[in-house]
Amino acid sequence: MKRTERLHALTEMLRRNGSRGCSAERLAREFEVSVRTVKRDLAALENSGAPLWSRPGPGGGYGLAIGASLPPVSLSPAQAVALMAAVSAASDAPYADLAAAGIKKILDVLDPRTRARADELAGRVWVNAPPSASRAIRSALEEAMAEQRVLRLRYTSGDGTTTTRDVEPVLFACTNGQWYLVGWCRLRDAMRWFTVSRIERASVTKTACGGHSIQEVGEPPASARAVHERG
């Protein structure tokens, strides 16, 4: 790991540990460097303005001051490009437009050198994004999911049957590159998976969902996971 990347990772590890802090020995083991190198890195972070604190003696260590402001963004060029690539390759994912806008905000506040390196590296990553549902449909699905409101869908199933039905959105799921809206179908009185690309029309009603839970969907595949899990 290059020193610049290690400094970013070191900052993130201290941030995650909060008020507990980390000893120099633990940091050295984590990054497979010497304690002397870790202390040099910590000094470099402090000199750059990072709000570090240290506690001497047994049980002591280093950490980031709670509530103190950090530099606007601390990302390596590779991390910035990873975010850009993930969003570009999943342009049909829920809230993808919001994610793209968020990444633009991040890029705008990167230091000029990091931004230049990220731009150069990004030019070496190509994606062929799949076609997505219309923006109006996606906006309706996203709003209904976030607000837990009933959706009115015009939907064409795999056998060509078109129906209009009210659906209580429960979750979005992606499998084999295909996005689905999973929800309680009031027409069928059951949980159903709707292929997003087959939704022809969607509108958000004023009716609140009835409280159907993710557990009602059933056990997810062993390989499935939420997009964010705290660990």
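Presented here is an overview of the structure given in this document. (Residues numbered from 1 in each chain as written. Predicted model: local features only at pLDDT ≥ 70, side-chain atom pairs only at ≥ 80, totals over all residues. Heavy atoms only, no water.)

**What about the sheet that holds strand 7 (residues 199–208)?**
Right, so step 1: Across the sheet, 5 strands lie side by side as 6-5-4-3-7; this open sheet has antiparallel pairing. Both outer strands of the open sheet, strand 6 (190–195) and strand 7, are each paired with one neighbouring strand and no more. Within this sheet the neighbouring strands show an average axis-to-axis angle of 45 degrees, counted without direction.
Right, so step 2: Across 6 bridges, strand 3 (residues 149–156) lies against strand 7 in antiparallel orientation. Paired with Leu153 across the bridge in strand 7 is Ala202.
Right, so step 3: Here helix 7 (residues 135–147) sits on the sheet in contact with strand 3, strand 4 (162–175), strand 5 (178–185) and strand 7, set at roughly 30 degrees to strand 7. (Pairing = 2+ DSSP bridges. Helix = DSSP H or I, 4+ residues; strand = E, 2+ residues; numbered from the N terminus. Axes fitted to C-alpha atoms, helices over the stretch in contact; angles between N-to-C directions. Contact = heavy atoms within 4.5 Å.)

**Considering the side chain of Thr205**
Right, so step 1: Residue position: Thr205 is located in strand 7.
Right, so step 2: Given the relative accessible area of 17%, Thr205 is considered buried.
Right, so step 3: A distance of 2.8 Å separates a polar side-chain atom of Thr205 from the backbone oxygen of Val150. (Buried < 20%, exposed > 50% of the residue type's maximum accessible area, 1.4 Å probe, protein only. Polar contact = N/O pair within 3.5 Å; in protein donor to acceptor, adjacent residues only side chain to side chain.)

**Digging into the side chain of Asp41**
Right, so step 1: Tracing the backbone shows Asp41 in helix 3 (residues 35–47).
Right, so step 2: Among the polar contacts listed, one links the side chain of Asp41 to the side chain of Arg6, at a separation of 2.6 Å.
Right, so step 3: Not counting residues within four places of it along the chain, the set of residues in contact with Asp41 comprises Arg3, Arg6, Leu7 and Leu10.

**Describing the packing of helix 4 (residues 77–89) against helix 6 (residues 112–122)**
Right, so step 1: One can describe the packing of helix 4 onto helix 6 by two numbers: an axis separation of 8 Å at closest approach and a directional angle of 50 degrees. Between helix 4 and helix 6, the angle falls in the class oblique. Our pair here, helix 4 against helix 6, has a crossing hand that is right-handed. Together, Pro77, Ala78, Ala80, Val81 and Met84 of helix 4 and Thr114, Arg117, Ala118, Leu121 and Ala122 of helix 6 make up the contact between the two elements. (Parallel < 35°, antiparallel > 145°, perpendicular 65-115°, else oblique. Left-handed = near helix turned anticlockwise from the far one by under 90°.)

**Some remarks on the nonpolar core**
Right, so step 1: Membership of the largest hydrophobic core comes to 19 residues, with the highest contact counts inside it found for Leu141, Leu151, Leu153, Leu181, Phe194, Ile199 and Ala202.
Right, so step 2: Every element with two or more residues in this core is listed here: helix 7, strand 3, strand 4, strand 5 and strand 7.
Right, so step 3: Tallying contributions element by element places helix 7 first for this core, with 5 residues.
Right, so step 4: Setting aside residues up to four positions removed in sequence, Ala202 forms contacts with Ile137, Ala140, Leu141, Leu151, Arg152 and Leu153.
Right, so step 5: In this structure, Leu7, Met13, Cys22 and Leu27 belong to the second largest nonpolar core, which totals 15 residues. (Core = buried A, V, L, I, M, F, W, Y, C linked by side-chain atoms within 4.5 Å.)

**Observations concerning the pairing of strand 4**
Right, so step 1: With 10 of 14 residues buried, strand 4 is to be regarded as a mostly interior element.
Right, so step 2: Relative to strand 4, strand 3 runs antiparallel, the two being bridged by 6 bridges. Each residue of the ladder has a partner; that of Leu153, found in strand 4, is Arg165.
Right, so step 3: Linking strand 3 to strand 4, which pair antiparallel, is a turn of 5 residues; within it Gly160 sits at a positive phi near 90 degrees.
Right, so step 4: Here strand 4 pairs with strand 5 via 8 bridges, running antiparallel. Residue pairing for strand 5: Cys174 is matched across the bridge by Trp179.
Right, so step 5: Hairpin connection of strand 4 to strand 5: 2 residues between the antiparallel strands, including Asn176 at a positive phi of 50 degrees.

**Overview of the packing of aromatic side chains**
For any two aromatic rings, the description comes down to two numbers: the centre-to-centre distance and the angle of the planes.
Right, so step 1: All told, the structure shown has 3 aromatic pairs when counted by the stated rule.
Right, so step 2: A ring pair is formed by Tyr155 and Phe194, whose centres lie 5.1 Å apart and whose planes are at 90 degrees; its orientation type is edge-to-face. With Tyr155 in strand 3 and Phe194 in strand 6, the pair connects residues that are 39 residues apart, well separated along the chain.
Right, so step 3: A relative accessible area of 1% places Phe194 in the buried class.
Right, so step 4: Judged by centre distance (5.7 Å) and plane angle (70 degrees), the ring pair of Tyr180 and Trp193 falls under edge-to-face. You can see Tyr180 sitting in strand 5 and its partner Trp193 sitting in strand 6, a full 13 residues away along the chain.
Right, so step 5: Among the residues examined, Tyr180 registers a relative accessible area of 19% and is labelled buried. (Phe/Tyr/Trp six-rings, centres within 6.5 Å; stacked < 30°, edge-to-face > 60°.)

Function cannot be read off these values alone, since they describe shape.
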